[in-house]
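Working through the structure, step by step
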Amino acid sequence: MTNLPDITRLLRLARNGRKDAAIVMRSALLADTSSQLLAGALRGYAAHLGMALELFEAEFDQIESQVFDPASDLHGFGPDTVIIYLAGEKIRDGFGKLPVAERGAFASRFGTRVQALHQALASRGYRTIFFNLADPGDAVFGNYAVKVAWSLQNQIRQCNAELTRLAGAADDFLVYDLAAFQAELGRAGMFDPKLYYTSKFALTPAVIPQVARGVVRLLAARQGSFLKCVILDLDNTLWGGVVGDDGLDRIQIGDLGLGPAFTAFQSWLKQLRDRGIVLAVCSKNDEANAREPFLKHPDMVLRLEDIAVFLANWEDKATNIRRIKSIIDVDYGAMLFLDDNPAERQLVRESFPTMQVPELPEDPAEYLAFMTTLNPFETASYTAQDAQRTNEYQTEARRHQEREKFVDLGDFLKSLAMRASVRGFLPFNIPRVAQLSQRSNQFNLRTVRYTEKQLAELAHSPRHIALAFELKDRFGDNGLISVVILEIQGLVGFVDTWLMSCRVLGRGMEQFVLNTVFEIAAERGLARVVGEYLPTSKNGMVKDHYAKLGFQAEPDQRWTLATAGYVARPVHIAREPAGEPAAFPSPKTN
Amino acid sequence: MNDPLWNDLTAIFREVLDDDALTLGETTSAKDVAGWDSITHVLLVVAVEKKFRVKFTAGEIQKLQNVGELAALIRRRLAKPA
């Protein structure tokens, strides 16, 4: 894990900035206390991760005027995301000034205020991140406060419930959970009354780097930078003891020995798996021994069907991790490696410098607490398809085995019996298209990120052709795996977006997409299709994409190909008749 | 000046204000030093509290006029903890 720089170092990083950053985020920070340190730390932590954060800071306590005044500096700046931090301490200090009759309605008014802010930001296409409220302390009623509707204690908690409710109802509304951070850290560690009353700092400089890390991770998750896969060791990581030596009935899981700690750890991993984090096993073990607990031990929480790729053998872990990557195909930087053995961790760290390799505590009883404190799994979205990911990779592992049976690639592809469908952007597929747009880093020609709202607008734009591709084969459904957006510029179709899930590389899907694009371009009377490759630190794999597809190079990294004389590329993918051609977006004539 | 306390203070100021050539005198104050503003002032106070394991009061922080006063305050606090 990368160490967290202190506030002074973060401010220095912020000053120096990152000019070469592949990921550039544009945000605004609005607060009702002094926010300069937090702003500097946000910029600094982004730079620490190799990203650039362009951050607009308002003078403190200017939240409403910045948001509601159409001519404000905030709107002049035009952020992607607006971060709003209202301090619980400030609410506490003003609470006594409210008439008692109004105190009981504080949280509902707070909810109205938050909702109005969010709606104003959403109407401009900005995303909102709200800090929820740390408990500022009450001490007016003691524990009886819980029973009194108008106590500060109750109202603060209800404010957080309001935030939870509002965020749950909107995709573009996220919450930074400052209350959870306070529970972790304690009030005394994060709030210094002296700094608050002399300088309006509601967070101590000591904790600001941790808060900045959490917020930047939320921002970065939107850019596709987040963890997708956990690679697990078995002996003394998922259970106590060594299954090969101790035997199935002597490993510690369930009630035996330290079993309850391992059960709790597995239960947490199971929840990760259920929300779409892919679990893979990489263990130095005899394969039959390694599988036995998953199949036979009654107290195992994780079962074989929870593991996307299961590798137990005597080869070194770096080799096995490369094999896992060939199946799961996410960046090494999107993987987290859990192993009780420091030597294995070191080897993996050296082999894959971008991989997250937490220094697990020596005592297994501490594993879960350690990981919850580390809190490494941010995401900016969640769809039901995420939860299917394990099944998809299990299917992919079967495809890999199948591939090894064939000498000729064409024979293999034929044997897959692939069918693809082509659709426009429709309400049912826009969430998945948005997710791909935000997450795809490798097979992504221009890395333009779109929100659901923007995609819905593109779907109806007469100047755009929006295409979403799904692929099935005899092993299963790969789902929506490729997206193309053409912008019509006179007689030219400019490829604004072409991205694809790397899971379906090497299947001829690019050629299928190209055929579809040219078919539609010809129908629409376009003379040529022009593509562009915008390099980032992650999309080198598509550097030669257009050259490989027969486009001719033009200046400025642009590539062109005429529709006249286009010969359909040979593919082993059949077009699914369903939804075609009627589902193609038709141009509006008005 | 070869005074351990003064050397520590100089190191803190250099680190926080990101200026390796910074030298401090008894009468050095915020207006003499680039980057010493209300924000870095807070960082200086916090860093000094941490380094010398002392706590200042809100009133003391607000009254500080220059580095000499800060050094004197640290010495008083070290001699007789609040």
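None of the values given here were measured: they were computed from a predicted structure.

Looking only at helices and strands, chain B has 4 helices and 0 strands in total. Across chain B, helices and strands are ordered from the amino to the carboxyl terminus as α-α-α-α. In summary, chain B has a C-alpha radius of gyration of 12 Å against a globular reference of 12 Å for 82 residues, a match within 12%. Seen along its three principal axes, the alpha-carbon backbone of chain B occupies a region of about 30 × 30 × 20 Å. Counting the 82 residues in chain B, one finds 45% classified as buried. A fraction of 51% describes how many contacts in chain B between residues 6 or more apart in sequence connect residues 24 or more apart.

Enumeration over the complete set of coordinates arrives at 42 salt bridges over all chains. A salt bridge links Glu49 of chain B to Lys194 of chain A, with the shortest nitrogen-to-oxygen separation between them at 2.3 Å. Note that Glu49 of chain B is positioned in helix H2 (residues 38-52) and Lys194 of chain A in helix H11 (residues 193-199), a pairing that runs across two chains. Accessibility expressed as a relative area gives 6% for Glu49 of chain B, which makes it buried. For Lys453 of chain A, the salt bridge identified is with Glu457 of chain A, shortest N-O distance 3.8 Å. Pair noted here: Lys453 of chain A and Glu457 of chain A are both in helix H23 (residues 452-459), with a separation of 4 residues, about one helical turn. Salt bridges sharing partners connect three or more residues here, namely Arg12 and Arg15 of chain A together with Glu15 and Asp18 of chain B.

Residues and elements named next belong to chain A. Spatially, the 8 strands line up as an open sheet ordered E15-E16-E14-E13-E12-E11-E10-E17, and their pairing is mixed. Here the strands that pair on one side only, and so sit at the sheet edges, are strand E15 (552-553) and strand E17 (573-575). Of the pairings in the sheet, the one linking E15 to strand E16 (residues 558-562) comprises 2 bridges and is antiparallel in character. Counted as the bridge partner of Gln552 is Thr560 from E16.

Within helix H1 (residues 7-16) of chain A, burial applies to Ile7, Thr8, Leu10, Leu11 and Ala14 of chain A. Around the axis of H1 of chain A, the buried residues are gathered within 160° of arc, so they sit on the same side. On its buried face, H1 of chain A is in contact with helix H2 (36-48) and helix H12 (208-222) of chain A together with helix H1 (4-17) and H2 of chain B.

All right, on to the interface of chain A and chain B then. Tallying the contact residues gives 14 residues for chain A and 14 residues for chain B. For the chain A face of the interface with chain B, the top three residues by lost area are Arg12, Lys194 and Thr198 of chain A, together amounting to 40%. Our enumeration of links across chain A and chain B arrives at 4 salt bridges. Notably, a salt bridge pairs Arg15 of chain A with Asp18 of chain B, separated by 3.1 Å at the nearest N-O pair. Remark: the boundary between chain A and chain B carries 5 residue pairs in polar contact (both at pLDDT 80 or more).

What follows deals with the environment of Gly186 of chain A. With respect to the secondary-structure elements, Gly186 of chain A resides in the loop between helix H9 (178-185) and helix H10 (187-190). Spatially, the C-alpha atoms of Gly186 of chain A and Ala134 of chain A are 9.9 Å apart, while their sequence positions differ by 52 residues.

Residues and elements named next belong to chain A. A sheet is described by the order of its strands in space; here 4 strands give the open sequence E8-E7-E6-E9, paired in parallel fashion. With partners counted over all chains shown, the strands left at the sheet margins are strand E8 (307-313) and strand E9 (335-338), one partner each. Sheet twist, expressed as the mean angle between neighbouring strand axes with direction ignored, is 15°. Sheet analysis places strand E7 (residues 278-284) next to E8, joined by 6 bridges and oriented parallel. Of the residues in E8, the one forming a bridge with Lys284 is Asn313. The strands that helix H20 (residues 389-403) touches are E7 and E8; relative to E8, the one it contacts most, it runs at about 50°.

Residues and elements named next belong to chain A. Interaxial distance between helix H16 (residues 317-328) and helix H17 (residues 342-351) falls to 9 Å at its minimum, and their mutual angle equals 55°. Relative to H17, the element H16 is oriented oblique. The hand of the H16/H17 crossing is right-handed. Where H16 approaches H17, its residues Lys317, Ala318 and Ile321 are matched on the opposing element by Glu344, Leu347, Val348 and Ser351. Of the residues contributing to the contact of H16 with H17, the split by class is 4 nonpolar, 1 polar and 2 charged.

To continue, consider the nonpolar core. Grouped together as the largest cluster of nonpolar side chains are 73 residues, with contacts concentrated most on Leu42 and Leu178 of chain A together with Leu9 and Phe13 of chain B. Setting aside its immediate chain neighbours within four residues, Phe13 of chain B contacts Asp18, Leu22, Leu24, Trp36, Leu44, Val67 and Leu70 of chain B.

Residues and elements named next belong to chain A. For H9, the full list of buried residues reads Leu178, Phe181 and Gln182. Around the axis of H9, the buried residues are gathered within 100° of arc, so they sit on the same side. Elements in contact with the buried residues of H9: strand E3 (81-85), strand E4 (127-131), strand E5 (173-176), H10 and H12. Among the residues trailing H9, Gly186 stands out with phi positive, at a value near 90°.

This next bit is on the confidence of the model for chain B. Residues and elements named next belong to chain B. The share of residues in chain B with pLDDT of 70 or more is 96%, and the mean pLDDT across the chain is 90. Mean pLDDT across the secondary structure elements of chain B bottoms out at helix H3 (residues 58-63), with 89, and peaks at H1, with 94. With pTM at 0.74, the complex prediction returns an ipTM value of 0.89.

Rules behind the numbers
- Residues numbered from 1 in each chain as written.
- Chains lettered and ligands numbered in written order.
- Predicted model: local features only at pLDDT ≥ 70, side-chain atom pairs only at ≥ 80, totals over all residues.
- Heavy atoms only, no water.
- Helix = DSSP H or I, 4+ residues; strand = E, 2+ residues; numbered from the N terminus.
- Rg over C-alpha atoms; globule rule 2.2 N^0.38 Å.
- Buried < 20%, exposed > 50% of the residue type's maximum accessible area, 1.4 Å probe, protein only.
- Contact = heavy atoms within 4.5 Å.
- Salt bridge = Lys/Arg side-chain N within 4 Å of Asp/Glu carboxyl O.
- Pairing = 2+ DSSP bridges.
- Arc of directions from axis to C-beta.
- Buried area = accessible area lost by both parts, 1.4 Å probe.
- Polar contact = N/O pair within 3.5 Å; in protein donor to acceptor, adjacent residues only side chain to side chain.
- Axes fitted to C-alpha atoms, helices over the stretch in contact; angles between N-to-C directions.
- Parallel < 35°, antiparallel > 145°, perpendicular 65-115°, else oblique.
- Left-handed = near helix turned anticlockwise from the far one by under 90°.
- Nonpolar A, V, L, I, M, F, W, Y, C, P; charged D, E, K, R; others polar.
- Core = buried A, V, L, I, M, F, W, Y, C linked by side-chain atoms within 4.5 Å.
- pLDDT = per-residue confidence, 0-100.

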